[in-house]
Amino acid sequence: MSLEQNKEIVSKFLEDITNWNIDSIMDTLAEDVTWAMPGNTQISGTKTKPEILEFFNSLIPHFPNGFAVAADSAVAEGDYVAVEGRSNAELATGGYYQNRYHWLFEVNKDGKIRGVKEYLDTVPMTALIERLFGPASGPS
């Protein structure tokens, strides 16, 4: 895949997230994809394709108008596309979730996303997850 093709694949992928086009999202992900979110939050860790689907499906009811994400910049080199972006998504209960991101996508030779590393501001993300799913349970 060319650098421009890789950037187009990632751009379409983000557009599919914005529109909750789950079939296209999952079709764009390679079978062996991993999505890593570093940190110590409720959703940190590395997810497999079935776990990614489960996570997206758990969010859809909370964002019925989609989950608007936009790329502010993208740089491609080799199989990788680095993207700086942002979200602005309306919650079903009112209000908005906004965040800033850095994603590093790996695109395989078949044009499928094989890896995602997602970095974001954990403060608004943690507040959102606690609002939607309750506080994290920890040691007592």
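Just so you know, the residues in each chain are numbered from 1, in the order the chain's sequence is written. In keeping with the model being predicted, local features are shown solely for residues with a pLDDT of at least 70 and side-chain atom pairs are shown and tallied solely at 80 or more, while totals for entire chains, interfaces and linings include all residues. Note: side-chain values were computed over all heavy atoms of the structure, leaving out hydrogens and water.

Trainee: Help me understand empty space enclosed by the protein in this model?
Mentor: As defined here, a cavity is a set of points on a 1 Å grid over the protein atoms alone where a 1.4 Å probe fits but cannot get out. A pocket is an open set with protein on both sides within 12 Å along at least five of seven lines, and residues line them when an atom is within 4 Å of a point. Grid points are joined across faces, edges and corners, and a volume is the space filled by probe spheres set on the points. Overall, the coordinates contain one cavity of 30 Å³ or more when judged by the stated rule. Counted as a void, the largest cavity has a volume near 310 Å³. Phe-55, Phe-56, Leu-59, Phe-67 and Glu-118 are, among the 20 residues lining the largest cavity, the residues nearest its centre. Of all the secondary-structure elements, those providing two or more residues to the lining of the largest cavity are strand E1 (29–37), helix H3 (49–59), strand E5 (96–107), strand E6 (113–120) and helix H4 (122–133). The leading source of residues in the lining of the largest cavity is H3, at four residues. The way it works is that DSSP assigns letters per residue, a run of H or I at least four long becomes a helix, a run of E at least two long becomes a strand, and they are numbered from the N terminus.

Trainee: So what exactly am I meant to see when it comes to H3 here?
Mentor: Every α-helix winds through 3.6 residues per turn, so residues three or four apart in the chain are directed the same way. Note on classification: 1.4 Å probe, protein chains only; a residue is buried when its accessible area is under 20% of the maximum for its type, exposed when over 50%, partly exposed between these limits. Restricting attention to buried positions, one finds in H3 the residues Lys-49, Ile-52, Phe-56 and Leu-59. For H3, the angular spread of buried residues about the axis comes to 85°, placing them on one side. Opposite the buried face of H3, by more than 90 degrees, sit the exposed residues Pro-50 and Glu-54. The inward-facing, buried residues of H3 contact helix H1 (3–18), helix H2 (22–28), E1, strand E2 (45–47) and H4. Directions drawn from the helix axis to the C-beta atoms are what define this arc. Throughout, a contact is declared for two residues whenever any of their heavy atoms are within 4.5 Å.

Trainee: I keep staring at the sheet that holds E6 and nothing clicks. Help me out?
Mentor: Paired through their backbone hydrogen bonds, the strands of a sheet run either parallel or antiparallel. The sheet built from six strands is open, its strands ordered E2-E1-E6-E5-E4-E3 with mixed pairing. Looking at the sheet topology across the chains shown, the edges are occupied by E2 and strand E3 (69–77). Sheet twist, expressed as the mean angle between neighbouring strand axes with direction ignored, is 20°. In this structure, E3 lies alongside strand E4 (residues 80–90), joined through eight bridges in antiparallel fashion. Bridge pairing links Glu-77 to Tyr-80 in E4. Structural elements are reduced to axes, namely lines fitted to C-alpha atoms, with helices fitted over the stretch in contact, and the angle between N-to-C directions of any two is expressed from 0 to 180 degrees. Strands in contact with H4 are E5 and E6; relative to E5, the strand with the most contacts, it is inclined by about 110°. Pairing between strands is defined by DSSP: at least two bridges between the two strands are required.

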